[in-house]
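Secondary and tertiary structure notes
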Amino acid sequence: MSAVIAAIRERARTDPGRIALSAGDRTWTYPELIAEAEAAAAVLAGLDGDPARPVALQIDNGPAWVILDLALVLAGRPCLPLPTFFTASQRDHAIGDCGAAWSVESSAEGPVMVGGERLAIQRLDTRPVVLPAGVAKITYTSGSTGAPKGVCLSQEQMDATAQSLVQVLGEGLAGRHLPILPLAVLLENVAGLYPILLAGGRYDAASPAEVGLDQPFQPQLGVLGSAIRDREATSLILTPELLRALLAVMAFTGMRFPRLKLVAVGGAKVSPRLLAQAAEVGLPVVEGYGLTECASVVALNTPQANRPGTVGRPLPHLTVTLGDDGEIQVGPRPFLGYAGRPPAWGPVRTGDLGAADADGYLSISGRRANT
C-alpha cells in the first residue's frame, strides 16, 4: 500500500477531526478525504479496458485534483498529469506517447462530481504503449528541444521522496501549505502534497485564479501576496521567478508573511543575490536541487541546516556520487524508465556537474554538455 494512503487512513483513525484539505470555505477532514478518494477510485476502477493504461488528468489545481490523484493510487491506475499550460500539441504528444486510454477534464455539465467540481471522463483513441512494470505516474516536461520523454515513476519511488522530505524537515513544518505551482508538476505534487499529508498537515488547494496565476504571462502579484497572507500559509514551493515576483510584491506593498515557516525554491538555479534579498525581508527560503527522473527532489537545504551557496544535503533514500568529471549521479534506482523504452535499472546520470563539501552539502557548477 502507498505510504501516503496508509498515513491518511491512520490519521483518519487517530485524529478524525483534523483538516486535511481545504478550498475556499470548504474543508475535508482526513476521514472525509479518504472516503471521497475511495468513492472516486470506485468510478475509475470501473472504467473498461486495460487498467494498466494511464488516465490523463487535465484539470487545474483544486480539491478535485488532490482527490483524483489519490483515487488513481487506490484504483491502481497510472496517472498522466498534464499541466494546463501545455499547448495542444504537447498534450497530444504526451497522451499518445504513453498510450493514455482515458482523460478526466473539467466540464460544467460533467456527470461526475469530485471535490465539488463537475468532471467528464472521456475515452481516448490511442494505441497501447509498453510501460515499465509498476508505473504509477508518468510525467512530461514542456521541453525546449525535441519531443519530451515520459518519465515513469512507481508509487514507492514517489513515497520515498515524500517520506525523506518529512524526515529531514520534520513534521512540525507541516502546517498549512498553499500550492503556487501546478499540482501537475512533480515538485508540487510529490514534494508538496504528499509530505503534507504524510505529516498530518493541511493542503489548501487554491485554484490558479485564487493565487493570481490563472494568466501565467500576466500574473496578478497583489492577488498572490494577499492569498499567501490571508490564507495564513506556512509553507510554499516556488521557482526562482516566482520568488522574485513575491519579493516585488513585498517591496511595492509592504506585505509581510510572518506565518511562513518554509519557502522551498527549486526548478532552476537560484542566484545568491535573490536568496540574500529574501533573507533581508524575513522570508525563510531554502534552496534545493532535483530532476524529474528522481521524483523531483535530490537534495535540499532545511531551516535547521541551511548552507547558502549549496543545494543542501542529498535526501536519505538516495545515493549521490560524483563521476571523475564531477557529473552528479543519483541512485540506486530513482525512476523506472521512459514510456515506450526499456526499463532503467541503475543510477541516473544527471548531466549536472557538482561537488560535495566535507559535511555532504552539494553544490552545482554547471552542465556536462557545456564543458
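Sequence order sets the numbering: in each chain, residues are counted from 1 along the sequence as written. Totals for whole chains, interfaces and linings use every residue, but because this is a predicted model, local features are given only for residues with pLDDT of at least 70 and side-chain atom pairs only at 80 or more, for both listing and counting. Excluding hydrogens and water, the side-chain figures rest on all heavy atoms present in the structure.

Quick word on the overall build of the protein chain
Here a strand is any run of E in DSSP of at least two residues, a helix any run of H or I of at least four, and the numbering for each starts at the N terminus. Broken down by element type, the protein chain carries nine helices and 21 strands. The globule rule puts the C-alpha radius of gyration for 371 residues at 21 Å, and the 20 Å found for the protein chain is close to it. Projected onto the principal axes, the alpha-carbon positions of the protein chain cover approximately 55 × 50 × 45 Å. Only protein chains enter the accessibility calculation, which uses a 1.4 Å probe. A residue is then buried if its area is under 20% of the maximum for its type, exposed if over 50%, and partly exposed in between. Counting all 371 residues of the protein chain, 54% fall into the buried class. Contacts in the protein chain between residues at least 24 apart in sequence constitute 64% of all its contacts with a sequence separation of at least 6. Values of accessible area rely on a 1.4 Å probe in the Shrake-Rupley scheme; residue burial ignores everything except the protein chains shown. As presented, the protein chain carries roughly 15900 Å² of accessible surface, and 52% of it is formed by carbon and sulfur atoms. Positive charges come from Lys and Arg, negative ones from Asp and Glu, while His and the chain ends are left out of the count. Charge positions come from single atoms, namely NZ of Lys, CZ of Arg, CG of Asp or CD of Glu. A gap of 2 Å separates the mean positions of the 30 positive and 35 negative side-chain charges of the protein chain. Note that the radius of gyration is over C-alpha atoms, with the globule rule given as 2.2 Å times the number of residues to the power 0.38. A contact between two residues is defined here by any heavy atoms of the two lying within 4.5 Å.

Quick notes on the pattern of salt bridges
For this analysis, a salt bridge means a side-chain nitrogen from Lys or Arg found within 4 Å of a carboxyl oxygen belonging to Asp or Glu. Tallying each qualifying case throughout the model produces 16 salt bridges. When the shortest N-O distance is used, the salt bridge between R13 and E10 registers 2.6 Å. Of this pair, R13 and E10 both sit in helix 1 (residues 3-14), separated by three residues, roughly a single helical turn. Using a relative accessible area of 60% as the deciding quantity, one classes R13 as exposed. With relative accessibility at 38%, the residue E10 sits in the partly exposed group. Counted as one network, the salt bridges with shared partners bring together R176, D204, E210 and R231.

Details of the packing of helix 2 (residues 30-45) against helix 3 (residues 63-75)
How two helices sit against one another is set out by the angle between their axes and by the gap between those axes. Working convention: axes come from line fits to C-alpha atoms, limited for helices to the stretch in contact. Angles between N-to-C directions cover 0 to 180 degrees. The interhelical angle for the contact between helix 2 and helix 3, taken along N-to-C directions, is 60 degrees, at an axis separation of 7 Å. What the angle tells us is that helix 2 and helix 3 run oblique. For the element pair helix 2 and helix 3, the recorded crossing hand is right-handed. Facing L33, I34, E36, A37, E38, A40, A41, L44 and A45 of helix 2, the residues of helix 3 in contact are I67, L68, L70, A71, L72, L74 and A75. Broken down by class, the residue content of the contact of helix 2 with helix 3 amounts to 14 nonpolar, no polar and two charged. Roughly parallel here means an angle under 35 degrees, roughly antiparallel means over 145, roughly perpendicular means 65 to 115, and every remaining angle is called oblique. Each crossing gets its hand from how the near helix is turned against the far one by less than a right angle, where anticlockwise is left-handed and clockwise is right-handed. Residues were grouped as follows: Ala, Val, Leu, Ile, Met, Phe, Trp, Tyr, Cys and Pro as nonpolar; Asp, Glu, Lys and Arg as charged; and all remaining residues, including Gly, as polar.

So, the sheet that holds strand 21 (residues 362-367)
Read across the open sheet, the four strands follow the order 17-18-20-21; overall the sheet is antiparallel. The outermost strands of the open sheet, each flanked by one partner alone, are strand 17 (319-322) and strand 21. For this sheet, the mean inter-axis angle between neighbouring strands, taken without regard to orientation, is 50 degrees. DSSP bridges decide pairing: two strands pair if at least two such bridges lie between them. Of the strand pairs in this sheet, strand 18 (residues 327-331) and strand 20 (residues 348-356) are connected by three bridges, and their pairing is antiparallel. Its bridge partner lying in strand 20, Q329 is registered against R349.

Structural notes on the packing of aromatic side chains
Two aromatic rings, drawn from Phe, Tyr or Trp (for Trp, its six-membered ring), form a pair once their centres lie within 6.5 Å of each other, and the interplanar angle then sorts them: stacked below 30 degrees, edge-to-face above 60, tilted otherwise. Here the structure, examined in full by the defined rule, presents two aromatic pairs. Pairing F85 with F86 gives two aromatic rings, centres 5.7 Å apart and planes at 75 degrees, and the pair type is edge-to-face. What makes F85 partly exposed here is its relative accessible area of 44%. Residue classification places F86 among the buried positions, given a relative accessible area of 5%.

A word on the side chain of D352
As for its position among the elements, D352 is in strand 20. Looking at D352, the relative accessible area reads 13%, which means it is buried. Pairing of N or O atoms within 3.5 Å defines a polar contact, subject to two protein rules: one partner must be a possible hydrogen donor and the other a possible acceptor, and residues neighboring in sequence count only if both atoms are side-chain atoms. Of note is the side chain of D352, whose polar atom sits 2.6 Å from the side chain of Y289. The residues contacting D352, other than those within four sequence positions of it, are Y289, G326, E327, I328, I364, G366 and R367.

Let's talk about the side chain of T310
Its place among the elements puts T310 in the loop between strand 15 (299-300) and strand 16 (313-314). Its relative accessible area of 10% is what places T310 among the buried residues. Of note is the side chain of T310, whose polar atom sits 2.7 Å from the backbone oxygen of R307. From its side chain, T310 meets the backbone nitrogen of G312 in a polar contact 3.2 Å long. Those residues in contact with T310 that sit more than four places away from it in its chain are E287, N301, Y361, L362 and S363.

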